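Descriptive structure summary
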Amino acid sequence: MTDLFVAAGGPVGDGTRARPFHDPWLALRQAAPGDRIHIAAGTYTGRGERSSWVVDTPELTLLGGYSPDFARRTPWQTPTVFAAKTGLRVPNEPNMLQGIGGHDGLVLDGLFFDGAGRDDYDEQGGLQRASYGDGPLVSLRGERITVRDCCFANGSSGAVELGGDSVVFENNIVVNCVGLSLLTVRDGAPETPAAVSRNTFAFAHDDSDPPRGSGADRAVGVRVNGAAAIADNVFVGCGNAAVACLRDVGQIAIDRNLFFATPRDIVRSRVPGAEAELTEEYAAELEDVGLRSAAGNTVCDPQLTGLPAAWLDTYTVDVAVTYERPPIAALNALRESAGLGELSSASDRDVQRPVMRRLAPAEVLALAVGAAPGAHPADLAAPEPFTELPAGPSYQAVDWARLYEADPALAGAPVQVRAGVGFDQNTQILPELAETHIGVAVYEPGTDNSPWWALAPRYGLVHHQTEEAVRYSRGLDVESTYLLRGTYRLTPPGGRQSATIVLDSLAPVLDVTAPEPPRPAATGSCGPDPPAGTAAARRRSATRSRPSKRPPRATASSSPQVSTRAACGRAHGASPYAT
């Protein structure tokens, strides 16, 4: 296990505590299974400020809310914000954070995802244009995924989607979104259900045409499509349903939750043969739906505090005017908590009203629940001792002859060789590494030799470097070359080759191709040299010895032409990009 570090606003670093990366995408690119990524408080916008991060490595842990020196962690007071750059008009990825490939065992702890910058708002903070077609802020699918002590806000296509067995979603705040749901959990097996506990789900806005809250499959608090246990949560203002069940209700437990200000249903079932729509007035009948468990649920005021009065004023007026069955008494209770008077019956129903108004991260973190259920700031343990990235070794340059024919003297030595990179495939060159490493074909440049195989880890930095490298199918085609750095290993007798390199990194070779152009031959425009000793000869000699005022010619050292893929990879422990 290695600990990697990230801090906003600093220079490009190498991921150590002293020189942290400047954005989490760099740490995610380098991390190997089992690593932890520690992220200091600040605002991050991703690679190229595209508000997009990808997790494709299993068993990672992302921890946010650190002080600049990584000595304390208080995400509820000093948030680590994954944000979108406002006004940036580039193609968005479907999600701010998405898992692809294998990312089982992922842990997100103490992070804040703010989707406001992906959309357009007016000067009063009202949503004008949503990025339709985008997915939820976070989308993950794997086994044993855990999300805790996080905040999600201002999503225009929902907030979180989690799929797989043994998913845990606990002590999070999910607030102020439009779209399908604040949280969707799916595909949990009965023996490994999703666990959704001690969260605050507030203000899932219905973006359909008025009258809103008419029962559409949108604006849901938790949308369940698999086995799940939903307990000790607070649901406030979920436009069409607090909980929507889409699969066998006998695999779903709903216990000890608190519901308030629900315009439509607290629980809805669309399961054939077990259809149900229960409003707050009929909460006592929840046990009759056929759920695996339905005990201790209540409808009461959660004592919500901290919301801006202006935001709460417009929200309660909008719900009272645009929803089919507005919960007027509950809306007035919310208004009273912010020092506002009761709703007036004279509100203009013909006024065009935005579906949602954004909340700033500081406003979301000020949200507090006085009742026992729901999310509450947690006392986080002091960070464990860190295991930082070790310094890379010094690599010995070797020639291709010592690759084609094994040199026992090099066994276990760190080496490097210049090569072209080919494609990868599973290989048994070293049987003990067959599950954790994959073979990468490499070529001796300028030859037509068969590929020689190095071994790259299936996850982490080298995996991404090989994916991004210029690849070839034979040595004669190689133009862009790389320094392959790693450990020289002897292979078992009888294999396809007698040695291999277990790769640490790929470093692009900077080819300088700026030869000095030949000077043009002298012309006769100046005529032959005058006879020595004459006045003309003295004038020409003075002219030739006069220093030139022209700038010097570019040479290979002063004006190199470098490969356009120079930033594709990096040496072990050094930063791969400058942006």
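Please read these numbers as outputs of a predicted model, since none were measured by experiment.

**Quick look at the overall build of the protein chain**
- Looking only at helices and strands, the protein chain has 7 helices and 37 strands in total.
- In the protein chain, once contacts between residues fewer than 6 apart in sequence are set aside, the share between residues at least 24 apart is 68%.
- With the model as given, the accessible surface of the protein chain reaches about 25,600 Å², and the carbon-plus-sulfur share is 52%.

**Quick word on the sheet that holds strand S23 (residues 234–238)**
- If you walk across this open sheet you meet the 9 strands as S3-S6-S9-S14-S17-S20-S23-S26-S29, and the pairing is parallel. The outermost strands of the open sheet, each flanked by one partner alone, are strand S3 (42–44) and strand S29 (298–299).
- Inspection of the sheet shows strand S6 (residues 80–83) paired to strand S9 (residues 111–114) by 4 bridges, in the parallel sense. Bridge assignment links Ala 83 to a residue of S9, and that residue is Asp 114.
- In the packing of helix H2 (residues 309–322) onto the sheet, the strands contacted are strand S17 (173–178), strand S20 (200–205) and S23, and the crossing angle to S20 comes to about 55°.

**So, the pattern of salt bridges**
- Counted according to the given criterion, the structure contains 29 salt bridges.
- Its salt-bridge partner being Arg 186, residue Asp 187 comes within 3.6 Å of it at the nearest N-O pair.
- Classification of Asp 187 as partly exposed rests on a relative accessible area of 23%.
- Exposure remark for Arg 186: the relative accessible area of 32% places this residue in the partly exposed category.
- If you follow the salt bridges from partner to partner, you end up with Arg 264, Asp 265, Arg 268, Arg 270, Glu 277 and Glu 324 in one network.

**Let's talk about the sheet that holds strand S19 (residues 194–197)**
- Across the sheet, which stays open at both edges, the 9 strands sit in the order S1-S2-S5-S8-S13-S16-S19-S22-S25 with parallel pairing between neighbours. Every other strand in the sheet has two partners, leaving strand S1 (3–6) and strand S25 (252–255) as the edge strands with one partner each. Sheet twist, expressed as the average angle between the axes of neighbouring strands with direction ignored, equals 10°.
- In the sheet, S1 pairs with strand S2 (residues 36–40) via 4 bridges, with the strands oriented parallel.

**A few points about unusual backbone geometry**
- Look at the link from Pro 210 to Pro 211: it is a cis peptide, with omega at 0°.
- By secondary structure assignment, the location of Pro 211 is in the loop between S20 and strand S21 (220–225).
- Phi at Glu 59 takes a positive value of approximately 60°, unusual for a residue other than glycine.
- Counting through the fold element by element, Glu 59 comes out in the loop between strand S4 (53–55) and strand S5 (61–66).
- Despite not being glycine, Arg 198 shows a phi value in the positive range, around 55°.

**A few points about helix H3 (residues 328–337)**
- Of the positions making up H3, those classed as buried are Ala 330, Leu 331, Asn 332, Leu 334 and Arg 335.
- Residues of H3 that are buried in the fold lie against S20, S23, strand S26 (258–260), strand S30 (304–305) and H2.
- Directly after H3, the chain includes Gly 339, whose backbone phi takes a positive value near 80°.

**Some words on the pairing of strand S24 (residues 241–245)**
- For S24, a buried count of 5 out of 5 residues is recorded, marking the element as mostly surrounded by other parts of the structure.
- Sheet analysis places S21 next to S24, joined by 4 bridges and oriented parallel. Following the sheet pairing, Val 220 is matched in S24 by Ala 241.
- Judged from the 4 bridges that link them, S24 and strand S27 (residues 265–269) form a sheet pairing that is parallel.

**Examining the confidence of the model for the protein chain**
- Chain-level pLDDT for the protein chain is 87 on average; 85% of the residues reach the 70-or-more range.
- When the criterion is pLDDT under 50, residues 548–579 qualifies, and its contacts beyond four places in sequence or with other chains add up to 72 contacts.

**Considerations on the packing of H2 against H3**
- Axis separation between H2 and H3 bottoms out at 10 Å; the angle between their running directions is 170°. Classed by the angle they form, the pair H2 and H3 counts as roughly antiparallel. Together, Leu 312, Asp 313, Tyr 315, Thr 316, Val 317, Val 319 and Ala 320 of H2 and Ile 328, Leu 331, Leu 334, Arg 335 and Ser 337 of H3 make up the contact between the two elements.
- In terms of residue class, the contact of H2 with H3 is built from 8 nonpolar, 2 polar and 2 charged.

**Structural notes on the pairing of S17**
- Counting buried positions along S17 gives 6 out of 6 residues, so the element sits mostly inside the fold.
- Across 3 bridges, strand S14 (residues 151–153) lies against S17 in parallel orientation. Along S17, the bridge assignment pairs Phe 152 with Val 174.
- Two strands pair when backbone bridges link them, and S17 and S20 are joined in this way by 5 bridges, in the parallel orientation. Its bridge partner being in S20, Val 175 is matched across the sheet by Ala 202.

**Quick word on the nonpolar core**
- Membership of the largest hydrophobic core comes to 73 residues, with the highest contact counts inside it found for Leu 108, Phe 152, Leu 162 and Phe 169.
- In this view, Leu 108 contacts Leu 62, Leu 97, Val 138, Leu 140, Thr 146, Val 147, Arg 148 and Cys 150; residues no more than four positions away in its chain are not counted.
- The next biggest cluster of nonpolar side chains, apart from the first, holds 36 residues, and it includes Ile 173, Leu 312, Val 319 and Leu 331.

**Observations regarding the side chain of Gln 98**
- Relative to the helices and strands, Gln 98 resides in strand S7 (residues 97–99).
- Setting aside residues up to four positions removed in sequence, Gln 98 forms contacts with Trp 53, Val 54, Val 55, Glu 93, Ser 139 and Leu 140.

**A few points about the environment of Leu 182**
- Examined against the element boundaries, Leu 182 turns out to sit in strand S18 (residues 181–186).
- Considered as a pair, Leu 182 and Ala 204 are 22 residues apart in the sequence and their alpha carbons are 6.5 Å apart.
- For Leu 182, the contacting residues outside a window of four places in its chain are Ala 159, Val 160, Val 174, Cys 177, Phe 201, Ala 202, Phe 203, Ala 204, Val 220 and Gly 221.

**What to know about the packing of aromatic side chains**
- By the definition in use, this model includes 16 aromatic pairs.
- Centroid distance Phe 169 to Phe 201: 6.2 Å. Interplanar angle 15°. Geometry classified as stacked. Pair noted here: Phe 169 is in strand S16 (residues 168–170) and Phe 201 is in strand S20, with a separation of 32 residues, a long-range link. Note on accessibility: Phe 169 and Phe 201 belong to one class, buried.
- Directly above the ring of Tyr 66 sits Arg 73, whose terminal nitrogen or CZ lies 5.9 Å from the centroid.

Cut-off values and rules
- Residues numbered from 1 in each chain as written.
- Predicted model: local features only at pLDDT ≥ 70, side-chain atom pairs only at ≥ 80, totals over all residues.
- Heavy atoms only, no water.
- Helix = DSSP H or I, 4+ residues; strand = E, 2+ residues; numbered from the N terminus.
- Contact = heavy atoms within 4.5 Å.
- Areas by Shrake-Rupley, 256 points an atom, 1.4 Å probe, with all protein chains shown as cover.
- Pairing = 2+ DSSP bridges.
- Axes fitted to C-alpha atoms, helices over the stretch in contact; angles between N-to-C directions.
- Salt bridge = Lys/Arg side-chain N within 4 Å of Asp/Glu carboxyl O.
- Buried < 20%, exposed > 50% of the residue type's maximum accessible area, 1.4 Å probe, protein only.
- pLDDT = per-residue confidence, 0-100.
- Parallel < 35°, antiparallel > 145°, perpendicular 65-115°, else oblique.
- Nonpolar A, V, L, I, M, F, W, Y, C, P; charged D, E, K, R; others polar.
- Core = buried A, V, L, I, M, F, W, Y, C linked by side-chain atoms within 4.5 Å.
- Phe/Tyr/Trp six-rings, centres within 6.5 Å; stacked < 30°, edge-to-face > 60°.
- Lys NZ or Arg CZ within 6 Å of the ring centre and 35° of its normal.

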